[in-house]
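Listed below, chain by chain, are the residues.
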Amino acid sequence: MTISKPVFDRLGFGLWIGAFLVVLALVLWSPHTRTVWQAYIDGSEALQAGLPLYDTQSEMGYLYAPAFAALYAPIVKLGPHLGGLVWHSIGFAVLTYAAMRQVRKLGGGELTWLLSFGLFLALPMAVGAIRNGQATILLTGACWLLTLSALEGRRAETFFWASLAIIAKPTAIIMLLLVGALRLRLIPVLVLALLFVLALPYAFAPAGYLNDQYRVFAQMLTSMAVDNTSHFVPTDFTAPFTTIGLPIPEFGATIVRMVMALFTLSAVIWFDRRLEQGKAALAIFLTATFYMCVFNPRVEPNTFAMIAVPAGLAIALLWREERGGVLASVLSTTLFVTGLSGVERHVHDFLFPWFRPVAVTFIAGSLIWWFWAKAREKVVNAGVANG
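Before going into details, it helps to say that this report is about the structure given with it. A quick note: this is a predicted structure, and the numbers were derived from the prediction, not measured.

Turn by turn, an α-helix covers 3.6 residues, leaving residues three or four places apart pointing in a common direction. Between its terminal C-alpha atoms helix 3 (residues 37–49) stretches 18 Å, which fits the 18 Å expected from 13 residues at 1.5 Å a residue. Among the residues making up helix 3, those that are buried are Trp37, Ala39, Tyr40, Ile41, Gly43, Ser44, Ala46 and Leu47. Two residues or fewer after helix 3 comes Gly50, characterised by a positive phi angle close to 75 degrees.

Moving on: the packing of aromatic side chains. Within the structure shown, the criterion is met by 29 aromatic pairs. Measuring from ring centre to ring centre gives 5.1 Å for Tyr72 and Trp87, while their planes differ by 75 degrees; the resulting arrangement is edge-to-face. Here Trp87 lies in helix 5 (residues 80–106) and Tyr72 lies in helix 4 (residues 66–77), a separation of 15 residues in the sequence. Trp87 carries the same exposure label as Tyr72, and that label is buried.

Okay, the environment of Leu340 next. By secondary structure assignment, the location of Leu340 is in helix 16 (residues 326–340). A relative accessible area of 39% means that Leu340 is categorised as partly exposed. Separated by 216 residues in sequence, Leu340 and Pro124 have C-alpha atoms that sit 5.7 Å apart.

Procedures and definitions
- Residues numbered from 1 in each chain as written.
- Predicted model: local features only at pLDDT ≥ 70, side-chain atom pairs only at ≥ 80, totals over all residues.
- Heavy atoms only, no water.
- Helix = DSSP H or I, 4+ residues; strand = E, 2+ residues; numbered from the N terminus.
- Expected span 1.5 Å × (residues − 1).
- Buried < 20%, exposed > 50% of the residue type's maximum accessible area, 1.4 Å probe, protein only.
- Phe/Tyr/Trp six-rings, centres within 6.5 Å; stacked < 30°, edge-to-face > 60°.

Dropping the structure here:
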């Protein structure tokens, strides 16, 4: 670490910002290339025109709540260039702010290095989703800030970030459930946020039309969770088994998801009770994103951008706490290389779709185990002190 520190005190954060500036330049040069911008435009224009938002016969296109289409309308009116800049900047700013706030919560020394090195490790895995302008980036930042705000008991912030997370993507409900389990007194705030997001589009479109869209939206979410007949290739935990010719039946996959949901809930409760608040927040969010990336049936390669930054910061924290070591070196290399696995087409074709869920399971599993060991060590030390 003494060798790495002078190098990454500024370099990692500089590369993070530099990569984003390159993304903005590419957006100005060709706003519709390698972006999901068109799907967002289609949804927003359909809502304003009273046309169907969803195509239940397709797993592509507009896949978000009606509130997303309503709030995206001003960005559409800005045009593809300025609108693209604003949209990309919002997601990037929220995620970067979440990482900076998390680092401040961790406290201790070398905070600049911690942030810089963590972002450097996360960059290869996150930059694809940032370039595409995917709502996953906004979702990650909003869910992270929701976690931090809820653990600190900030009701207004919890309401705001919960609302933004749900608008970004429906999968945010997983984070809301976990936060509600950790802070029971905030359940009314989380319910209010959900109701607010559901009611928001009624200010922009007729009630009858929106009622129909919500019904189709619910049907679409259900079908995406159980229908494996489309050409969409999931990259969740089932992908490695499918690759070797041993596909997991949907019933079996559902059982695994339920078991892992219970494990996730147990783990975050343990971290909340046993770790100091800063580490607890990072451990909780890392565990939640691991579940959302690996055990969500609607996972694609860029979904793993969710875990990139929290994993990068957790590895940096591991470096700081353990003063380096084999585990920190292996996890650093694995996270960085995993992000590069899609750069070259032939390598991508060989590793798709099985590699990322395997690599992320190894990274997240190792970090969750380390956080558990730190919490266990704290309990043992407290028992010795009391004895």
